[in-house]
Number of protein chains: 2
Amino acid sequence: MTSRRTPPTAADVDAAAARLKGVAVRTPLISSPVLDAVTGARVFLKPETLQRTGSFKFRGAYNRIVQIPKEQRVAGVVACSSGNHAQGVAAAAKLLGLPAVIVMPHDAPAMKRERTLEWGAEVVGYDRLTEDRDAISNRIAAERGAIFVPPYDDPDIMAGQGTVGLEIAEDLAAQGLAPDIVSANVSGGGLISGIALAVKARFPNARVVAAEPAGFDDHGRSFRSGQRERNAAASGSFCDALLAPTPGVITFEVSRHLVGEGVTATDAEVAKAISFAFRELKLVVEPGGAVALAALLHGRLDARGKTVAIVLSGGNVDTATFEACLSA
Amino acid sequence: MTSRRTPPTAADVDAAAARLKGVAVRTPLISSPVLDAVTGARVFLKPETLQRTGSFKFRGAYNRIVQIPKEQRVAGVVACSSGNHAQGVAAAAKLLGLPAVIVMPHDAPAMKRERTLEWGAEVVGYDRLTEDRDAISNRIAAERGAIFVPPYDDPDIMAGQGTVGLEIAEDLAAQGLAPDIVSANVSGGGLISGIALAVKARFPNARVVAAEPAGFDDHGRSFRSGQRERNAAASGSFCDALLAPTPGVITFEVSRHLVGEGVTATDAEVAKAISFAFRELKLVVEPGGAVALAALLHGRLDARGKTVAIVLSGGNVDTATFEACLSA
């Protein structure tokens with residue numbers, strides 16, 4: 001089965017929302033007087049930490065897998081992921097009755113591996129620095145006839161993730177508000193491009209901003225150069241969810257026009273944001289889920305006086321990593 | 001100034017909601033597919049952890065203090081609390097421009113003391129086992145002319161806390177749902193009695209259940225005997241927010257009729273619930289905020305097949321206590 005390779009539209013995000021209704025958690029928009037006071041902005045948090053599997057990834061995975069025709073489902077699905085896409089695919093496959101194989105790096109966080117196994121998926125390990133995960137996935141897909149579910153560079157995945165932005169737009173509109181800035185954490189760009197489709201269709205003047213770990217700012221550099229840039233390193237940030245080497249082809253077709261700007265935060269700043277979320281917001285956020293929040297807290301988002309939506313994209317953090325952040 | 005001593009009504013809760021609109025956070029109702037699967041119930045969490053000051057206590061404190069006539073405000077307010085009422089009073093007083101003195105036991109959690117000071121309150125310490133906090137408060141009130149803000153046994157405090165129940169009832173009704181059970185953590189009974197007023201006015205068949213730490217089940221025993229029973233000990237549970245010795249006079253007038261049943265959880269069960277909330281819900285809950293959740297998780301609430309609302313009443317937990325729960 002070959003995926004459609006043209007970018008999705010805002011209407012595709014609406015269609016994904018209809019498929020996800022009653023299946024995905026409609027996460028709330030949370031406001032915090034402390035966060036507003038600290039930033040001078042009117043901030044709304046979108047806690048995808050509360051989503052099924054603890055990250056937004058379930059949305060895209062379900063929107064993709066539910067569209068696999070019944071007769072092609074028996075051989076199941078295969079995906080590559082260090083953890084959150086893995087859980088999203090495993091959970092969506094389980095709900096829909098398909099077997100799932102996840103190709104996961106050996107250095108993936110223990111919690112993410114365990115939770116993927118708990119969802120009933122088969123996990124195949126690989127070395128992120130010496131092995132080619134795409135080759136492994138393709139071999140499994142070929143051997144079993146399983147359908148590959150890409151982590152981001154796919155119209156159905158992007159449309160599913162975009163429902164995060166649709167809900168932000170709907171909930172703000174219901175309060176009579178328009179966002180000045182919407183920012184989310186970025187790896188391959190599926191989430192931010194999907195969000196941009198939904199938000200810009202309703203609020204054309206809203207700025208959609210990609211938040212990336214310092215040193216892994218392939219989107220920010222790509223926006224400036226106009227072409228897909230690569231990160232120098234494949235590892236070296238504890239934001240394990242955000243280590244994709246370069247923007248996706250389809251995601252970049254959308255994000256170069258509808259996003260177009262990026263901010264970064266260092267690991268130390270992200271650790272402080274995780275500690276802030278524990279102390280002041282009472283929310284558990286993983287490193288890759290806290291970059292946009294860290295950028296906001298460190299004044300990188302030019303948020304003062306503005307209405308700002310920040311996506312907390314995941315909360316699957318090991319106890320040891322979390323405790324290290326609290327004492328940072 | 002003497003407080004009215006008759007119990008509040010559901011209409012008083014409505015009036016409190018009008019006073020709190022735009023000041024208190026309207027916390028969301030959160031659902032979790034994992035929690036539903038584990039319990040066999042349809043569970044809705046009311047995370048007052050996300051409330052201003054990290055607990056529901058701000059609601060009652062603000063509803064009380066905002067009704068102090070302007071000419072009586074200059075001498076400020078005084079309150080006794082181990083931490084959450086302290087922060088609620090301090091924050092409400094600060095927002096309304098009154099000075100606040102908090103009489104706080106020496107063994108209050110460090111985080112709660114620090115946050116009360118951050119809100120600009122003056123903290124006066126005392127020994128919970130050898131000193132009489134009421135005498136200290138009365139002396140301060142007499143010396144300064146400050147108005148005492150009771151922690152629970154006051155109609156305005158109860159009505160303010162009851163807005164938690166009003167919001168639960170409204171949000172469930174908006175989804176076409178009726179709660180079978182609403183459960184909250186109980187100390188003096190201000191929260192549970194306020195919730196019962198609001199919920200039973202809209203859903204007369206809903207059961208409202210008091211959740212107490214094992215060994216501090218004064219409400220459960222009082223409901224059974226028909227009179228206000230006392231706890232044998234004044235300390236010995238790590239649920240520091242729930243150590244009131246006996247139900248309030250006014251709160252019990254309401255709760256004996258509208259609540260009438262209690263459940264308990266041990267400290268070990270509460271620690272497991274805090275760990276569950278970290279791993280599966282991505283929420284930070286303090287010991288006294290997790291007793292109802294612990295009772296639900298340990299099958300004490302007869303929740304299977306039912307629609308259940310659980311109040312997570314606070315999230316102000318020290319790092320050391322939190323980490324101990326994660327490794328329990």
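Everything that follows concerns the structure shown earlier in this document.
Now for a look at the structure at hand. Please read these numbers as outputs of a predicted model, since none were measured by experiment.

Now for the sheet that holds strand E3 (residues 100-105) of chain A. Residues and elements named next belong to chain A. Strands sit in the order E4-E3-E2-E5 across an open sheet of 4 strands; the sheet is parallel. The open sheet terminates on both sides in strands that have one partner only, identified here as strand E4 (122-126) and strand E5 (147-148). Note: strand E2 (residues 77-80) against E3, 4 bridges, orientation parallel. Bridge pairing in E3 links cysteine 80 to valine 103.

Attention now moves to the relation of the copies chain B and chain A. Take chain B, turn it by 180°, move it 0.0 Å along the axis, and it overlays chain A with an RMSD of 0.0 Å. Considering both components of the superposition, the chain copies are consistent with a two-fold axis. Residue Leu283(B), judged by its C-alpha, is the member of chain B lying nearest the rotation axis, at 2.4 Å.

Turning our eyes to something else, we now look at the interface of chain B and chain A. Taken together, the contacts link 25 residues of chain B with 25 residues of chain A. Our count for the contact surface shared by chain B and chain A stands at 2 salt bridges. Where Arg115(A) meets Glu280(B), a salt bridge forms, and the shortest distance between an N and an O atom there is 3.4 Å. Along the contact surface separating chain B from chain A lie 10 residue pairs in polar contact (both at pLDDT 80 or more). Residues belonging to the side of chain B that touches chain A are distributed by class as follows: 13 nonpolar, 6 polar and 6 charged.

All names here are of chain A. Mapped onto the secondary structure, lysine 57 falls in helix H3 (residues 57-65). Put simply, lysine 57 is tucked away with no salt bridge, and the nearest opposite charge, on glutamate 286, sits 10 Å away. Among the polar contacts made by the side chain of lysine 57, one reaches the main-chain carbonyl oxygen of proline 151 at a distance of 3.3 Å. Leave out the neighbours within four places in its chain, and lysine 57 touches Asn84, His85, Gly88, Pro151 and Gln161.

Residues and elements named next belong to chain B. Running from N to C, helix H3 (residues 57-65) and helix H4 (residues 84-96) point in directions that differ by 45°, and their axes come no closer than 8 Å. Taken as axis vectors, H3 and H4 run oblique relative to one another. Handedness of the H3/H4 crossing: right-handed. Two secondary-structure elements touch here, H3 through Lys57, Phe58, Ala61, Tyr62 and Ile65 and H4 through Asn84, His85, Gly88, Val89, Ala91, Ala92, Ala93, Leu95 and Leu96. Among the residues making up the contact of H3 with H4, the classes are represented as 10 nonpolar, 3 polar and 1 charged.

Calculation criteria
- Residues numbered from 1 in each chain as written.
- Chains lettered and ligands numbered in written order.
- Predicted model: local features only at pLDDT ≥ 70, side-chain atom pairs only at ≥ 80, totals over all residues.
- Heavy atoms only, no water.
- Pairing = 2+ DSSP bridges.
- Helix = DSSP H or I, 4+ residues; strand = E, 2+ residues; numbered from the N terminus.
- Least-squares fit on C-alpha atoms with pLDDT ≥ 70 in both.
- Contact = heavy atoms within 4.5 Å.
- Salt bridge = Lys/Arg side-chain N within 4 Å of Asp/Glu carboxyl O.
- Polar contact = N/O pair within 3.5 Å; in protein donor to acceptor, adjacent residues only side chain to side chain.
- Nonpolar A, V, L, I, M, F, W, Y, C, P; charged D, E, K, R; others polar.
- Buried < 20%, exposed > 50% of the residue type's maximum accessible area, 1.4 Å probe, protein only.
- Lys, Arg positive; Asp, Glu negative; His and termini not counted.
- Axes fitted to C-alpha atoms, helices over the stretch in contact; angles between N-to-C directions.
- Parallel < 35°, antiparallel > 145°, perpendicular 65-115°, else oblique.
- Left-handed = near helix turned anticlockwise from the far one by under 90°.

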